[in-house]
Amino acid sequence: NFNLNKQLLTAVADAGFESPTEIQQKSIPLILGGQEVIGIAQTGTGKTAAYLLPILMKIKFAAGVEPRALVLAPTKELTLQISEHALQLSRYTDLRILALYGGVGPKVQIDKLNEGVDLIIATPGRFMELYLKGELITKQIKTLVLDEADRMMDMGFMPQLRRIFEII
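Here the structure is a predicted model, which means the values were calculated and not measured.

Undergrad: Would you mind going over the side chain of R68 with me for this structure?
TA: Along the chain, R68 falls in the loop between α3 (47–59) and β1 (69–72). R68 sits in the buried class, given a relative accessible area of 17%. A polar contact of 2.9 Å, which involves the side chain of R68, links it to the side chain of D118. Not counting chain neighbours up to four residues away, the residues in contact with R68 comprise I59, F61, A62, A63, L95, D118, Q140, I141, K142 and T143.

See the structure below:
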C-alpha cells in the first residue's frame with residue numbers, strides 16, 4: 001500500500017519481508033509525502049528500510065553524476081551495514097550507491113564519486129573531508145537522513161553536522 005515501484009517491491013520480497021513493521025507503517029507514507037520524520041524504535045524493527053525505501057522510491061533511477069540523497073551514520077560499521085541494505089533493496093534498479101568512511105584511503109571512494117552516484121551513505125568525517133577537498137558536489141542533495149543522530153551527538157559530531165547542514 002506504499003505505492004512503491006515494482007523493482008523495490010521485488011527486492012523487498014526477495015529480502016523476505018512480508019508485512020511492514022510499525023515504524024515502517026508510520027514513517028514510509030510520511031517520508032514519501034515529503035515530511036520530516038524522527039523515528040525511534042528498537043533494534044531489529046526495520047528502521048533502515050523505513051527510510052531507505054522512500055529514498056530509493058524518490059530518486060528512482062540513476063541520473064547525472066551528483067548525489068541526490070545522503071545518509072549520515074556515526075561509524076564505518078553502520079555505514080557499511082546501511083550500504084549493504086540499500087544495495088539489497090535497490091538490486092533491481094540502476095541506482096548507484098556509495099559508502100564513504102574513514103580508515104581507508106580516499107582514492108577509491110573519490111574515483112567512484114567521479115563515476116556518478118545517486119545515494120551516499122557516509123560518516124560525517126569522511127563526508128566533510130571529501131567535500132573540503134572539492135571532490136564532493138552537494139548541490140543536488142535534497143534528502144538527508146541522520147541514522148543514530150543521538151549517538152552522533154554523544155560522540156561529538158555536532159560541529160561537523162552543523163557544517164554539513166550549512167553545506168546542504
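Undergrad: Would you take a moment to explain the pairing of strand β2 (residues 97–100) for this structure?
TA: Two faces belong to every sheet, and in a regular strand the side chains alternate between them. Residues I97 and A99 point to one face of β2 and L98 and L100 to the other, with burial holding for every one of them. Pairing between β2 and strand β3 (residues 119–122): 4 bridges, direction parallel. The residue of β3 that forms the bridge with A99 is I121.

Undergrad: Would you take a moment to explain the pattern of salt bridges for this structure?
TA: Side chains that differ in charge, positive against negative, can pair when their charged atoms come close. By the definition in use, this model includes 8 salt bridges. In this structure, R151 and E148 form a salt bridge, with 2.9 Å as the shortest nitrogen-oxygen distance. According to the relative accessible area criterion, R151 is partly exposed, its value standing at 36%.

Undergrad: What is the right way to read the sheet that holds β1 from this model?
TA: Two pairing modes exist for strands in a sheet, parallel and antiparallel, and in both the strands are linked by backbone hydrogen bonds. Here we have 4 strands laid out as an open sheet, ordered β2-β3-β1-β4, and parallel in their pairing. Among the strands making up the open sheet, the edge pair consists of β2 and β4 (143–146). In this sheet, adjacent strand axes meet at a mean angle of 15° when their direction is disregarded. Helix α6 (residues 124–132) contacts β1, β2 and β3 of the sheet and is inclined by roughly 135° relative to β1.

Undergrad: Sorry if this is basic, but what is going on with the environment of I28 here?
TA: Examined against the element boundaries, I28 turns out to sit in helix α2 (residues 22–32). In this structure I28 comes out as buried when scored by relative accessible area, which is 1%. Put simply, I28 and M155 are 127 residues apart on the chain and 28 Å apart in space, counted from C-alpha to C-alpha. When near neighbours in sequence (up to four residues on either side) are disregarded, I28 contacts F2, I23, A49, A50, L53 and P54.

Conventions adopted
Residues numbered from 1 in each chain as written. Predicted model: local features only at pLDDT ≥ 70, side-chain atom pairs only at ≥ 80, totals over all residues. Heavy atoms only, no water. Helix = DSSP H or I, 4+ residues; strand = E, 2+ residues; numbered from the N terminus. Buried < 20%, exposed > 50% of the residue type's maximum accessible area, 1.4 Å probe, protein only. Polar contact = N/O pair within 3.5 Å; in protein donor to acceptor, adjacent residues only side chain to side chain. Contact = heavy atoms within 4.5 Å. Pairing = 2+ DSSP bridges. Salt bridge = Lys/Arg side-chain N within 4 Å of Asp/Glu carboxyl O. Axes fitted to C-alpha atoms, helices over the stretch in contact; angles between N-to-C directions.

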